Amino acid sequence: MTIKIRLLGLLYVFLLSTIIANAAVKKDDESGTITGTVTDKADGKPIIGASVNIPDLRRGSITDVNGHFTLNNLPKGVYLVQVSYLGYGTFNQKVDFSKITTLDVQLQASSLEEGEVVITGVSKATEIKRDPVPMVAVGKTYLDQRSAAGNVIDMIANLPGVSAVTTGPNVSKPFIHGLGYNRVVTLEDGIRQEGQQWGDEHGIEVDQNSIDRVEVIKGPASLSYGSDAIGGVVNLITPPPVADGKILGSVQGTYGTNNGLLNGSFRLYGNQNGLVWGTILSAKEAKDYQNEHDGRVYATNFKEKDARVMVGLNKSWGTSYLNASLFDDQQAIPDGSRDSASRRFTKQITEDDATRQIVSPSELNSYSIPVLHQHVQLYRIYSNSNFNLGDGNLIVNLGYQYSHRREFTHPEDASVAGLNLHLTTYTYDFKYNFNTGKGYEATVGINGQYQNNTIGDATDFPIPAYHQFDIGPFLVVKKSFGKLDLSGGGRFDSRSFSGQAAYIDTLAGKFPQLYTGPNPGSTPNVVPQFAALNKTFTGFNGSFGAAYNFSRQFLLKANIARGFRAPSIAELSANGPDPGSQIYHVGNSNFKPEFSTQEDVGAFLTLPNVSLSVELFNNNIQNYIFQQQELNPDGSPIITQGYNTFTYVQSKARINGGEFSLDIHPYTWLHFENSLALTYGQNLGTGGRVPDSLKYLPFIPPLHTHSELRGNFSKGFGSLRNVYAMLGFDHFSAQNRFFSAYGTETYTAGYNLLSAGLGGELVDKSGKTVIKLFIEGTNLANVNYQSNMSRLKYFDNTVTAPGVQRGIFNMGRNISFKVVVPFDLSPRTKS
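Residues numbered from 1 in each chain as written. Predicted model: local features only at pLDDT ≥ 70, side-chain atom pairs only at ≥ 80, totals over all residues. Heavy atoms only, no water.

### Quick look at the overall build of the protein chain
Right, on to step 1. When its secondary structure is counted, the protein chain shows 5 helices and 48 strands.
Right, on to step 2. Taken against the 2.2 N^0.38 rule, which gives 28 Å for 831 residues, the C-alpha radius of gyration of the protein chain at 27 Å falls within 12% of a compact globule.
Right, on to step 3. Each principal axis of the C-alpha distribution contributes one length, and for the protein chain these read about 80 × 55 × 55 Å.
Right, on to step 4. Counting every position in the protein chain, which comprises 831 residues, the buried fraction comes to 58%.
Right, on to step 5. Look at the contacts in the protein chain between residues 6 or more apart in sequence, and 67% of them connect residues 24 or more apart. (Helix = DSSP H or I, 4+ residues; strand = E, 2+ residues; numbered from the N terminus. Rg over C-alpha atoms; globule rule 2.2 N^0.38 Å. Buried < 20%, exposed > 50% of the residue type's maximum accessible area, 1.4 Å probe, protein only. Contact = heavy atoms within 4.5 Å.)

### Overview of the sheet that holds strand E10 (residues 135-138)
Right, on to step 1. With mixed pairing, the 5 strands of this open sheet are ordered in space as E10-E15-E16-E13-E14. With one partner strand each, in any of the chains shown, E10 and strand E14 (191-192) form the two edges of the open sheet. (Pairing = 2+ DSSP bridges.)

### Section: the sheet that holds strand E1 (residues 32-40)
Right, on to step 1. Spatial strand order, E4-E1-E7: 3 strands in an open sheet with mixed pairing. Where the open sheet ends on each side, the last strands, each with one partner, are strand E4 (68-74) and strand E7 (105-107). Going from strand to strand, the sheet's axes swing by 25° on average, the running direction of each strand aside.
Right, on to step 2. Pairing geometry for E1 and E4, over 5 bridges, is antiparallel. Residue pairing for E4: Ile-34 is matched across the bridge by Leu-71. (Axes fitted to C-alpha atoms, helices over the stretch in contact; angles between N-to-C directions.)

### Focus: the pairing of strand E48 (residues 814-824)
Right, on to step 1. Pairing geometry for strand E17 (residues 247-256) and E48, over 9 bridges, is antiparallel. Within the sheet, the bridge partner assigned to Gln-252 lies in E48 and is Val-820.

### Structural notes on unusual backbone geometry
Right, on to step 1. One non-glycine residue, Ala-299, lies in positive phi territory at about 70°.
Right, on to step 2. Considering the arrangement of structural elements, one finds Ala-299 in the loop between strand E21 (295-296) and strand E22 (302-315).
Right, on to step 3. In this structure Ala-299 comes out as buried when scored by relative accessible area, which is 0%.

### A word on the confidence of the model for the protein chain
Right, on to step 1. Averaged over every residue, the pLDDT of the protein chain is 89; residues scoring 70 or more account for 95%.
Right, on to step 2. Low pLDDT (under 50) marks residues 1-5, which in the prediction has 3 contacts with non-local residues, meaning those over four places away or in another chain.
Right, on to step 3. Here residues 23-29 is a poorly scored stretch, pLDDT under 50, and it has 9 contacts once near neighbours within four places are set aside; other chains count. (pLDDT = per-residue confidence, 0-100.)

### Looking at the pairing of strand E19 (residues 275-286)
Right, on to step 1. Where strand E18 (residues 261-272) meets E19, 11 bridges bridge the pair, whose relative direction is antiparallel. Within E19, the residue paired with Ser-265 across the bridge is Ser-282.
Right, on to step 2. Linking E18 to E19, which pair antiparallel, is a turn of 2 residues; within it Asn-273 sits at a positive phi near 55°.
Right, on to step 3. Bridge count between E19 and E22: 12 bridges; the pairing is antiparallel. Its bridge partner being in E22, Leu-275 is matched across the sheet by Leu-313.

### Brief notes about the packing of aromatic side chains
Right, on to step 1. In total, this model carries 23 aromatic pairs according to the counting rule given.
Right, on to step 2. On the basis of an interplanar angle of 75° and a centroid distance of 5.7 Å, the ring pair of Phe-175 and Tyr-181 is categorised as edge-to-face. Across this residue pair, the class does not change: Phe-175 and Tyr-181 are buried.
Right, on to step 3. On the basis of an interplanar angle of 50° and a centroid distance of 5.3 Å, the ring pair of Phe-713 and Phe-717 is categorised as tilted.
Right, on to step 4. Its relative accessible area of 24% is what places Phe-713 among the partly exposed residues.
Right, on to step 5. Aromatic rings pair up to connect Tyr-667, Trp-669, Phe-713 and Phe-717 into one cluster.
Right, on to step 6. Across the ring face of Tyr-142, the terminal group of Arg-146 is positioned such that the distance to the ring centre comes to 3.7 Å.
Right, on to step 7. Of note, Lys-479 hangs over the ring of Phe-481, and the distance from its end group to the ring centre comes to 5.0 Å. (Phe/Tyr/Trp six-rings, centres within 6.5 Å; stacked < 30°, edge-to-face > 60°. Lys NZ or Arg CZ within 6 Å of the ring centre and 35° of its normal.)

### With respect to the side chain of Asn-92
Right, on to step 1. Locating Asn-92 in the fold gives a position in strand E6 (residues 91-96).
Right, on to step 2. When its relative accessible area of 19% is taken as the criterion, Asn-92 is described as buried.

### Let's talk about a nonpolar patch on the surface
Right, on to step 1. A cluster of nonpolar side chains, Val-251, Phe-717, Leu-720, Leu-762, Val-770, Ile-771, Leu-773, Val-819 and Val-821, forms an exposed patch at the surface whose accessible area comes to about 650 Å².
Right, on to step 2. Sorting the residues of the nonpolar patch by element identifies strand E47 (769-778) and E48 as the ones contributing at least two each.
Right, on to step 3. Among the elements that line the nonpolar patch, the one with the most residues is E47, at 3 residues.
Right, on to step 4. One can find Val-819 in strand E48. (Patch = residues over 30% accessible without salt bridge, like charges linked within 9 Å, V, L, I, M, F, W, Y side chains within 5 Å. Areas by Shrake-Rupley, 256 points an atom, 1.4 Å probe, with all protein chains shown as cover. Salt bridge = Lys/Arg side-chain N within 4 Å of Asp/Glu carboxyl O.)

### Here's the deal with the environment of Met-135
Right, on to step 1. Looking at where Met-135 falls in the secondary structure, it is placed in strand E10.
Right, on to step 2. Taking the C-alpha atoms as reference points, Met-135 and Phe-646, 511 residues apart in sequence, are found 34 Å from one another.
Right, on to step 3. Excluding its chain neighbours within four sequence positions, the residues that come into contact with Met-135 are Val-118, Thr-120, Val-122, Ile-128, Val-216, Ile-217 and Lys-218.

### Things to note about the pattern of salt bridges
Right, on to step 1. Scanning the model with the defined rule gives 34 salt bridges in all.
Right, on to step 2. In this structure, the salt-bridge partner of Arg-356 is Asp-353, at a minimum N-O distance of 2.9 Å.
Right, on to step 3. Of the residues examined, Arg-356 reaches a relative accessible area of 29% and is grouped as partly exposed.
Right, on to step 4. Asp-353 gets classed as partly exposed once you look at its relative accessible area, which sits at 31%.
Right, on to step 5. One salt-bridge network, held together by shared partners, links Lys-140, Asp-144, Asp-212, Arg-267 and Lys-818.

### Focus on the side chain of Gln-145
Right, on to step 1. Of note, Gln-145 is situated in the loop between helix H2 (140-144) and helix H3 (152-156).
Right, on to step 2. Overall, Gln-145 belongs to the buried group, its relative accessible area being 11%.
Right, on to step 3. A polar contact is formed between the side chain of Gln-145 and the side chain of Arg-710, at a distance of 2.8 Å.
Right, on to step 4. Residues contacting Gln-145, with those up to four places away along its chain left out, are Arg-710, Tyr-724, Phe-774 and Glu-776. (Polar contact = N/O pair within 3.5 Å; in protein donor to acceptor, adjacent residues only side chain to side chain.)

### Remarks on the environment of Gly-439
Right, on to step 1. Residue placement: Gly-439 occurs in the loop between strand E28 (419-437) and strand E29 (440-454).
Right, on to step 2. Owing to a relative accessible area of 48%, Gly-439 belongs among the partly exposed residues under this scheme.

### Description of the environment of Gln-449
Right, on to step 1. Mapped onto the fold, Gln-449 is located in strand E29.
Right, on to step 2. Sequence separation between Gln-449 and Gly-77 is 372 residues; the distance between their C-alpha atoms is 32 Å.
Right, on to step 3. With near-sequence residues (within four places) excluded, Gln-449 lies in contact with Arg-192, Glu-194, Thr-425, Tyr-426, Thr-427, Tyr-428, Gln-468, Phe-469, Asp-470 and Arg-495.

Pasting the structure below:
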């Protein structure tokens, strides 16, 4: 089936579902409109540029120069309306659109950031403080001010409880409470991101310029997302449609001083009587990054191109959007090899790798991608629909993704791919939200995915070709008893694998090839690579929790959840090298699924000038799967086909810790924000005493504290608005709780990082924004440090001289400059 046919098929489903839902609504269901004005409660003046949003419907508007807003084509029903503006307290109120047509809002200046609303993993848009599940969410302002981040995951990696495993500045994998890889589901607009998450150096294939909001669920309490959400969920949300009658856009550019990052993006969105559309085009590239210890780090440069389009309908019967996007990334492959005398980086130039050439300064300072590199492409088509049906809402999310990952690892044959994986994924998600009466809100649904992976024309084969099918029905119920909010539900998951047997012809040509002929067992020079595999894993997961708001100032939360995760195809069947990760993977087909039980409890205090929170978690995991390095009897690494050999193993584990935050606001404009995050990961073994070298889990972040002194001046100075200035300090303690067995991990020293930021908007006489500027400096003291969450820490020669600090250090000082120029192409309205 060609991509064109698949596109037509999805478009057909999109149009058909729209027609069916339109016919299903009541005959008397007419379009509703709400108008209103947003003003400052203190002086009654209109607030220009305030956001008025209906999160459930992804409808929104921005107040004009008179503080006025209009929302058209609204369905009947009760929905949460959110009004927000920087420097003011957020307004949240449920509104019955069948009864109310005017909504005037007064915002009060406030130093507190409260009232955050989420749509991820809940039946309807919900204030975080009223949901028992531990969550955190950030919006576009937060993301814009993280202009130095190389990708969207780095933008959120400093949030309490969130971290990232990195392979250079453009590859980051999200970790939540010490869990990552196939234990964290990453979504884009609620659609699962599928791109070989098992790979160490396989990042998230999403354009950071296309994301306006991120919502994170911390723990296995998201019943809506299935098996791999045992660690949590990261939902990357693209821009909502603009207000009716508007055509708005922007051009932006970012420059980073450390690696010469050039990141440009263009966006244009429109809305004509509920027909909405939009596009975002982006491109970025960077040279090798640098630090004082290593100089420029060879093979950390990259080039990325992105495009997305959206078209949809906002009508009284609901909403329906069709999206298509392209991600195209070329990423160099570092291996850390160096000249033993000078410690300058070297590169492979011949297939036998008998000698290596020192990398020249001009090549280190170049944007050109070297011969050895990854080329990752992700094509995505998906639809998000929310229909009014009966007394509830039917949500239909359908997706198609094609991930093509190639790793070119042959220096004398640049066009020959070492790794060549083709992964096609179809996702489906149907859920119905309704009120059962007496204040009960319920969601019943079913979702899952079908995958087909082929291993293509390649020379390295780490995983087999396979088919996978997931299905999971679920039920979630929520009830409010005044100050008490209860939420609970259950889900049953089933995942089926069908892995194909594969054989390799070792002498068919210059490189090993996949053998497709007859009688592989008796053909000379043909060896087995993968055995046939047929596995089905099932499991139940559930959640129950409560949030009690004693007052507007103090609340308590508690939640207990059971999680389920089926082993990934790599954990079951891997038997080959992944060149980008510098690892030869070995799986185990006898693995059992993981089950976890996590308890969460939190206390939150909000006073006029102080806010305080404490959140604790404890997660016990059965059949926890992780990798450990294989060693020879003399302690040296086992090398297979030129790579260090790692096997997957299974054990009991416990991960616990917590987050603490203290924000002091002596004035409405001044913020002193402090947070602490601590995670412990312990290997409990399979019975008996666990040796000291095995007692900790790999990739557990150390104690991290963050302090930030920030001044926000929303009214600004003269023609400047939304001015901010900040100074940040991050402390990362030494990580002496590491998985030391077999040389898998080593001790990581502690370090301190200094950061700063400055920015604001220039407005014209009418109050419209002319230009936005964001400046961010990271590692301003230019500290030489290694993060235990950086895979480059272990990239070096097999043997180094005594006294040499092994591995690659993280990025040195970097100052980024981001400029955004908005424009308005809306048709002029008659006065």
